[in-house]
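Summary of structural features
This is what each chain is made of:
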Amino acid sequence: MIGIYLSGTGNTEHCIKKLLFLLDKTAQAVPMEQKDAVHLLSQHDFIVFAYPVQFSNVPVMVKDFIKSHPDLWKGKKILCVATMGLFSGDGAGCSARLLKKYGAEIVGGFHIRMPDSVCDVKLLKKSFQENREIIRKADRKIEKCAEEIRKGRYPKNGLHLYSQITGLLCQRLWYYSKTKSYSDQLKISNACTGCGLCTRLCPTDNLTLKNGKAAAGKHCTMCYRCISSCPARAITLLGHTVIEQCRYDKYIQNGKKNEPLK
């Protein structure tokens with residue numbers, strides 16, 4: 001068993017690592033941008049595939065990763081895990097349908113609500129304690145899911161036709177233009193200090209330093225990793241001001257990751 005994931009603000013990373021630990025303490029969780037990710041995946045028959053949904057769709061980087069390695073998925077058993085800020089009709093189903101085209105056996109789908117990660121939009125913002133409670137509930141759900149999987153019963157979140165219709169009509173159809181390709185809308189303000197942190201964090205290498213300042217290309221997968229970590233709050237995407245830098249690490253006690261909050 002192995003896990004592959006895309007995580008912007010740490011939500012998905014926490015969820016997949018916790019789930020894998022409960023299922024197999026030796027299982028490795030590999031970031032999608034890791035250079036040897038494909039080689040590592042090829043050595044396992046069971047894959048947990050995790051990512052954050054965007055407008056009830058799969059991030060472009062995730063779609064490209066699947067399509068770029070068509071032979072990798074044939075015969076693999078895959079559990080699709082989708083993290084979300086509020087709603088996702090078929091977040092897990094979106095990747096499941098694509099993986100199935102390449103010969104994967106989809107054993108299940110799992111949706112997990114986590115704190116909102118869109119740093120430059122006021123919608124869905126919660127208090128610190130409310131976000132902690134969201135994580136508590138997510139941890140409980142992951143624990144119950146792992147218990148069921150150990151019994152051979154897999155969740156089927158987002159895999160049914162009615163889920164697909166719900167995801168399509170409630171979000172994906174209306175926001176398709178935002179998720180059909182990489183974004184060129186990342187904005188860098190004059191507050192940028194040129195520290196270079198964002199260039200090291202970006203999973204698509206979309207950010208570079210030019211003349212001592214960060215510069216964005218046209219290959220943003222909207223993960224919000226750079227925006228949530230910029231010390232100067234100089235980066236925005238959907239909005240024009242950073243409302244809150246949303247990161248999973250903010251909501252856990254004593255910096256202990258992958259452990260339930262007390």
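All of the points below concern the structure found in this document. Note that the structure is a prediction, hence the values are computed from the model and not measured.

Following the sequence through the fold, Val-62 ends up in helix 3 (residues 60-68). For Val-62, a relative accessible area of 0% translates into the label buried.

In this structure the tally under the stated criterion is 11 salt bridges. In this structure, Glu-148 and Arg-153 form a salt bridge, with 2.7 Å as the shortest nitrogen-oxygen distance. Exposure remark for Glu-148: the relative accessible area of 28% places this residue in the partly exposed category. For Arg-153, a relative accessible area of 45% gives the class partly exposed. Each of Lys-18, Arg-140 and Glu-143 takes part in a single network of salt bridges with overlapping partners.

The next subject is the pairing of strand 1 (residues 2-5). On any regular strand, side chains alternate: one points to one face of the sheet, the next to the other face. The two faces of strand 1 match: Ile-2 and Ile-4 on one face and Gly-3 and Tyr-5 on the other face are all buried. Between the parallel pair strand 1 and strand 2 (residues 28-31), the chain is carried across by helix 1 (residues 11-23), and the sense of this crossover is right-handed. Sheet topology places strand 1 next to strand 3 (residues 46-52); four bridges connect them, and they run parallel. Within strand 3, the position partnered with Ile-4 by the bridge is Phe-49.

Before going further, it helps to examine empty space enclosed by the protein. This model, assessed by the stated rule, comprises two cavities of 30 Å³ or more. Approximately 100 Å³ is the volume found for the largest cavity. Cys-192, Cys-195, Cys-198, Ala-214 and Cys-230 are the residues nearest the centre of the largest cavity, which is lined by 14 residues in total. In this model, the second largest cavity occupies a volume close to 80 Å³. Taken together, 13 residues line the second largest cavity, and the ones lying closest to its centre are Cys-202, Pro-203, Cys-220, Cys-223 and Cys-226.

Here we come to the side chain of Ser-56. The topology assignment puts Ser-56 in the loop between strand 3 and helix 3. At a separation of 2.9 Å, a polar atom in the side chain of Ser-56 contacts the side chain of Gln-171. Once you skip the residues sitting within four places of it in the chain, Ser-56 turns out to touch Phe-87, Ser-88, Gly-89, Asp-90, Cys-94, Gly-167, Gln-171 and Arg-172.

All right, on to the packing of aromatic side chains then. All chains considered together, the criterion is met by five aromatic pairs. Ring centres 6.1 Å apart and planes at 70 degrees place the aromatic pair Phe-49 and Tyr-51 in the edge-to-face group. Note on accessibility: Phe-49 and Tyr-51 belong to one class, buried. An aromatic cluster is built from Phe-49, Tyr-51, Phe-65 and Trp-73, whose rings are joined through pairwise contacts. Here the basic side chain of Lys-25 rests over the ring of Phe-21, its NZ or CZ set 5.2 Å away from the ring centre.

Even without being glycine, Leu-124 reaches a positive phi, approximately 75 degrees. Within the element layout of this structure, Leu-124 appears in the loop between strand 5 (105-113) and helix 5 (128-150). Since its relative accessible area comes to 30%, Leu-124 is described here as partly exposed. The phi dihedral of Tyr-224 is positive, around 70 degrees, even though this residue is not glycine. Assignment of secondary structure puts Tyr-224 in the loop between strand 8 (213-216) and helix 9 (225-229). Assessed through its relative accessible area of 6%, Tyr-224 is described here as buried.

Basis of the calculations
- Residues numbered from 1 in each chain as written.
- Predicted model: local features only at pLDDT ≥ 70, side-chain atom pairs only at ≥ 80, totals over all residues.
- Heavy atoms only, no water.
- Helix = DSSP H or I, 4+ residues; strand = E, 2+ residues; numbered from the N terminus.
- Buried < 20%, exposed > 50% of the residue type's maximum accessible area, 1.4 Å probe, protein only.
- Salt bridge = Lys/Arg side-chain N within 4 Å of Asp/Glu carboxyl O.
- Right-handed = clockwise from strand over helix to strand, strands pointing away.
- Pairing = 2+ DSSP bridges.
- 1 Å grid on protein atoms, 1.4 Å probe; cavity = no way out; pocket = protein on both sides within 12 Å on 5 of 7 lines; lining within 4 Å.
- Points joined across faces, edges and corners; volume = space filled by probe spheres on them.
- Polar contact = N/O pair within 3.5 Å; in protein donor to acceptor, adjacent residues only side chain to side chain.
- Contact = heavy atoms within 4.5 Å.
- Phe/Tyr/Trp six-rings, centres within 6.5 Å; stacked < 30°, edge-to-face > 60°.
- Lys NZ or Arg CZ within 6 Å of the ring centre and 35° of its normal.

Bear in mind that shape data such as this cannot, by itself, settle questions of function.
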